[in-house]
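Below, each chain spelled out in residue letters.
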Amino acid sequence: MRLLLVDDEKEFVETLAERLSLRGFDADWATSAKNAEKFIDSRHYDLVLLDVKMPKVGGRELKKIIEKKLPGIKTIYLTGHGSEEDYHAGSAEAEYYLMKPININELIAKINDALGKEAQS
Amino acid sequence: MTHPLDPIGEAGLRFYSKVSASISHEIRNSLAVINESAGYLEDVTRMAKKGGNVDMNRLETLAGSMLKQVQRANTIVKNMNRLAHSLDDPAARTDLNTLLELMLHLSERTTVTRGVKVSAAFSEPPVIITTHPFFVENLIWLILDFAMDISGDEKTIELQPVKTASGAKINFAGLDQLTQNAFENFQTEPVTLMLCALKSTLQPDEKKGMITLNLPENISQPAQ
């Protein structure tokens, strides 16, 4: 199960990727849309976790770019922003929309659900 | 029966709520890093109890990361506190260097998200005037919001406080796409009322790509 995590908070995304790796996921991470595209161009991913608010290219815009390259890929939005407007828009676009800080078990349940799998951990 | 909001009050609330939203976002980000770092420590501790190896260097990095995030969150809270207290005195002795520094912090998330770099050339010695700090902060917020739309290809805005004979001015430079028409559209009712309340003026300079906010030495004294 290969995941790509994209968030401009390096310490957050790096550590979350490590924690997911400890739980059996193959998780790469990027801190910008530009870096994320390099990963997408070089490997296949089953699901992307995207921060909604990022400098230059945000998660919602990046989702559209990724979907053109990997049609059907599942998406979970992560955000610290939390406006009602963003929540409704994000919930409609992605499989799930989770607020930071996140609970790792909840995240894994959402990932597995999005991928239609039984819980791995 | 409905009571219309006064424009300057509504603008102030909008400013305060936008800053509050941005600050809560920043604090959530700090909490998220701390949460993952603490979670990772828990993960490796459990693994160690079962006989697994622990990378001590990684643990040291994570501890440093958590300390850094606590400091970051503390700075955010301090800035929020400073903003909240800027309503305490409607005629306060105000160091424009300090006020601009606060505004750079408070607007950072917004400016970075919009891909604009905002910096300040602080004055030495500091420019100190007697003014209503909250109105000045609100006005700077509105000018920055406008300035980001007209910052041209460079996407760089520089703020500079300068001492003048009648008080002080703050220059907003780097507005390459500034036009008279755009400037007139920016001067909405709240902006005009805020300028009036501060006894100040806004002056555009299309050639230089700059807007100047002129502030009096003392807001309590009659306008000259």
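A quick note: this is a predicted structure, and the numbers were derived from the prediction, not measured.

Thresholds, definitions, all that
Residues numbered from 1 in each chain as written. Chains lettered and ligands numbered in written order. Predicted model: local features only at pLDDT ≥ 70, side-chain atom pairs only at ≥ 80, totals over all residues. Heavy atoms only, no water. Salt bridge = Lys/Arg side-chain N within 4 Å of Asp/Glu carboxyl O. Helix = DSSP H or I, 4+ residues; strand = E, 2+ residues; numbered from the N terminus. Pairing = 2+ DSSP bridges. Axes fitted to C-alpha atoms, helices over the stretch in contact; angles between N-to-C directions. Parallel < 35°, antiparallel > 145°, perpendicular 65-115°, else oblique. Left-handed = near helix turned anticlockwise from the far one by under 90°. Contact = heavy atoms within 4.5 Å. Nonpolar A, V, L, I, M, F, W, Y, C, P; charged D, E, K, R; others polar. Buried < 20%, exposed > 50% of the residue type's maximum accessible area, 1.4 Å probe, protein only. Domains from an automatic or database assignment. Buried area = accessible area lost by both parts, 1.4 Å probe. Polar contact = N/O pair within 3.5 Å; in protein donor to acceptor, adjacent residues only side chain to side chain.

The next point concerns the pattern of salt bridges. Inspection of the entire model under this criterion finds 25 salt bridges over all chains. For D8(A), the salt bridge is made with R109(B), and the minimal N-O distance between the two is 3.6 Å. One end of the pair, D8(A), is in the loop between β1 (2–6) and α1 (10–22); the other, R109(B), is in helix α3 (residues 96–113), on a second chain. A single salt-bridge network, built from bridges that share partners, covers D8(A), E9(A), E26(B), R72(B) and R109(B).

This part covers the pairing of strand β6 (residues 201–205) of chain B. Residue and element names in this part refer to chain B. By the bridge criterion, 5 bridges tie β6 to strand β7 (residues 210–216) in an arrangement that is antiparallel. When the sheet's bridge partners are listed, D205 is paired in β7 with M210. Following β6, the chain reverses through 4 residues before pairing antiparallel with β7; G209 in that reversal takes a positive phi of roughly 65°.

It is worth spelling out the packing of α3(B) against helix α4 (residues 133–149) of chain B at this point. Residue and element names in this part refer to chain B. For the pair α3 and α4, the least separation of the axes is 11 Å and the interaxial angle reads 40°. Taken together, the axis directions place α3 and α4 in an arrangement best described as oblique. Here the hand of the crossing between α3 and α4 comes out right-handed. In contact with L99, L100, L102, M103, L106, S107, T110 and T111 of α3, α4 contributes P133, V136, E137, I140, W141, L144 and M148. Class assignment for the residues of the contact of α3 with α4 results in 11 nonpolar, 3 polar and 1 charged.

Right, let's talk about the environment of I219(B) for a bit. Residue and element names in this part refer to chain B. In this structure, I219 sits in the segment after β7. Relative accessible area serves as the criterion here: at 11%, I219 is assigned to the buried category. Each C-alpha atom of the pair I219 and P90 lies 8.8 Å from the other, and the pair is 129 residues apart in sequence.

Our next topic: the domain arrangement of chain B. Residue and element names in this part refer to chain B. You can read the domains of chain B as domain 1 (7–85) and domain 2 (92–216). Of the residues lining the interface, 16 residues belong to domain 1; the matching set on domain 2 comes to 16 residues. The junction of domain 1 with domain 2 conceals about 1500 Å² of combined surface from both sides, 73% of it contributed by carbon and sulfur atoms. If you sort the residues of domain 1 by the area they bury against domain 2, I8, F15 and R82 come out on top, with a joint share of 39%.

Moving on to the side chain of R58(B). Counting through the fold element by element, R58(B) comes out in helix α2 (residues 56–85). Residue classification places R58(B) among the buried positions, given a relative accessible area of 14%.

With 23 residues of chain B at the contact, the number on the chain A side is 22 residues. When chain B packs against chain A, close to 2000 Å² is buried across both sides, 49% of that on carbon and sulfur atoms. It is H25(B), R28(B) and E36(B) that lose the most area in chain B upon contact with chain A, and together they represent 28% of the buried surface on that side. Inspection of the chain B/chain A interface yields 7 salt bridges. On inspection of chain B and its partner chain A, the count reaches 15 residue pairs in polar contact (both at pLDDT 80 or more).

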